[in-house]
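Given next are the chains, with one letter for each unit.
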Amino acid sequence: ARDFSRYDFTVFDPTQTYKAYVDSDTIAYASAAACSKDPCLVTHKASGRRKEFENFDAFEHFLLNDEKGKKFKVDDFNVPLIGFALSNVKNKVDSIITLPYISDYKLYIQGSGNFRYDVYPSYKSNRGNKPALHKYCFNYMLKKYSGNIEVVHGYESEDFVIADAALDPLGVRAYIDKDLEGHHGLFLNYNNLDLGVFYIDPIQAFYNLSTQLLIGDSTDFIRGIDFVSTELREAFNVKVKSIGKKTAEKLLEDVKHSKIEMKKRVIEVYKLTYGDTWKDALTLTGKLIYITKERGKVFDLDLFMKGVINDWKRCRTSIHNKRRS
């Protein structure tokens, strides 16, 4: 279960009006998936004949592959299940954009391509195909919310949510994906609307990011630190075989007050795990996990290390001066 208690619910001003930047890809997917296993009753419009299929996917398979089915199109039938899926979309979007403190909104939905597949061909390879109803939810959203929706090509929809909201001091990031919590700002989890809007401060956001860099993301097939080397085990008394959430939090516990110290700890753990290839490993995980605050940018290890390098230089200078004195 997600822990929202670590976030600040006092910053948000409900008397102010805000713009919602909505990661809508999950809305389309979840709305389709919610109906994907239900029996699909269809009625042929011209003849009135009815037939029930195991689910919508089975109906679509009939139209595409059965010799009798190939004579028809979906539009030749009344298909209530499509309406149910579209209703799911509308209810979910309306629950966000009709909130009294939301005066404007923009939806983002995944289009074609994603640079992460080029970086790592196995990205999300553990997921199945989208439900056949998804394309109807997708097209419905484009038509229903025309003027307030953007199809994101080459990136994840949340990449643009974060980038655009970062430019708006009154922007609320409406989301469910934990990867967005690696940024500070106002957030609204639309699967937990009763919680209201909360604020993630910069240190907490970087702690979230650091945790993800260590864990990776099993739902997207991102490795992170998925084994414990002898060096890592001895340095931090790690007794498990792989780094999960609790172990990552333990590794960061004594440094979570400082962004620089968290960076140094993440780097140290990667060095102890991957040895001379630690930069490649951290760069790969960073590109897959990290959502930048600027469109078209990706995780840059040199930028990530910038403060750390300066801190190391200060430490060396201090040690040198002490030796001279």
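Every chain begins its residue count from 1, and numbering advances along the sequence as written. The predicted nature of this model means local features are confined to residues of pLDDT at least 70 and side-chain atom pairs, given and counted, to a pLDDT of 80 or more, with totals for whole chains, interfaces and linings taken over all residues. Just so you know, side-chain values use all the structure's heavy atoms and leave hydrogens and water out.

Chemist: Explain the sheet that holds strand β3 (residues 50–53) residue by residue, including any values.
Modeler: The strand order β3-β2-β4 describes an open sheet built from 3 strands, whose pairing is antiparallel. Edge positions in the open sheet fall to β3 and β4 (77–78), since each of these has one partner strand only. At least two DSSP bridges between two strands are needed for those strands to be called paired. What counts as a helix is a DSSP run of H or I of at least four residues, what counts as a strand is a run of E of at least two, and both are numbered from the N terminus. With 2 bridges joining them, strand β2 (residues 40–44) and β4 adopt antiparallel strand pairing. Its bridge partner being in β4, T43 is matched across the sheet by N78.

Chemist: So what's going on with helix α6 (residues 157–165)? Residues and values would help.
Modeler: Only protein chains enter the accessibility calculation, which uses a 1.4 Å probe; a residue whose area is less than 20% of its type maximum is buried, one above 50% is exposed, and one in between is partly exposed. Buried residues dominate α6, accounting for 9 of its 9 residues. Within the span of α6, buried status applies to S157, E158, D159, F160, V161, I162, A163, D164 and A165. Residue contacts follow a heavy-atom distance rule, with two residues in contact if any of their heavy atoms lie within 4.5 Å. Against the buried residues of α6 lie β1 (18–23), α1 (25–33), β5 (102–114), α4 (115–119), β6 (149–154) and β7 (171–175).

Chemist: Hey, could you go over the packing of helix α10 (residues 259–274) against helix α11 (residues 278–289) for me, with residue numbers and the actual values?
Modeler: Think of each axis as a best-fit line through the C-alpha atoms, taken over the contacting stretch in the case of a helix, with angles from 0 to 180 degrees between the N-to-C directions. Direction vectors running N to C along α10 and α11 enclose 125 degrees, while the axes themselves pass 8 Å from each other. Accordingly, the angle class assigned to the pair α10 and α11 is oblique. Between α10 and α11 the crossing geometry is right-handed. Of the residues in α11, those in contact with V266, I267, Y270, K271 and Y274 of α10 are W278, A281, L282 and T285. Charged residues are taken to be Asp, Glu, Lys and Arg, nonpolar residues to be Ala, Val, Leu, Ile, Met, Phe, Trp, Tyr, Cys and Pro, and polar residues to be all remaining types, Gly included. Its residues assigned to classes, the contact of α10 with α11 shows 7 nonpolar, 1 polar and 1 charged. Any angle that is under 35 degrees is reported as roughly parallel, and any over 145 degrees as roughly antiparallel; angles of 65 to 115 degrees are reported as roughly perpendicular and all others as oblique. Note on convention: near helix rotated counterclockwise from far helix by under a right angle means a left-handed crossing. Clockwise means right-handed.

Chemist: I'd love a proper account of the pairing of β1, names of residues and values included.
Modeler: Of all 6 residues that make up β1, 5 are buried, and the element is covered over most of its length. Bridge analysis of β1 against β5 gives 6 bridges, and the strand direction is parallel. Residue pairing in the sheet places K19 in a bridge with D104 of β5. Here 4 bridges tie β1 to β7, and the two strands are oriented parallel to one another. Within β7, the residue paired with Y21 across the bridge is R173.

Chemist: Could you give an account of the nonpolar core, naming the residues involved and the relevant values?
Modeler: As a rule of thumb, nonpolar side chains are buried together in soluble globular proteins. Within this scheme, the nonpolar core is defined by two criteria: the residues are buried Ala, Val, Leu, Ile, Met, Phe, Trp, Tyr or Cys, and they are joined through side-chain atoms within 4.5 Å. Core analysis: the largest hydrophobic core is formed by 46 residues, its most contacted members being F56, F59, V79 and M141. Ranked by residues supplied to this core, first place goes to helix α3 (residues 80–97) with 8 residues. Discounting residues that sit within four places of it in the chain, F59 has contacts with C40, V42, F53, V74, F77 and V79. Ranked by size, the runner-up nonpolar core spans 34 residues in total, among them F206, I243, L288 and L301.

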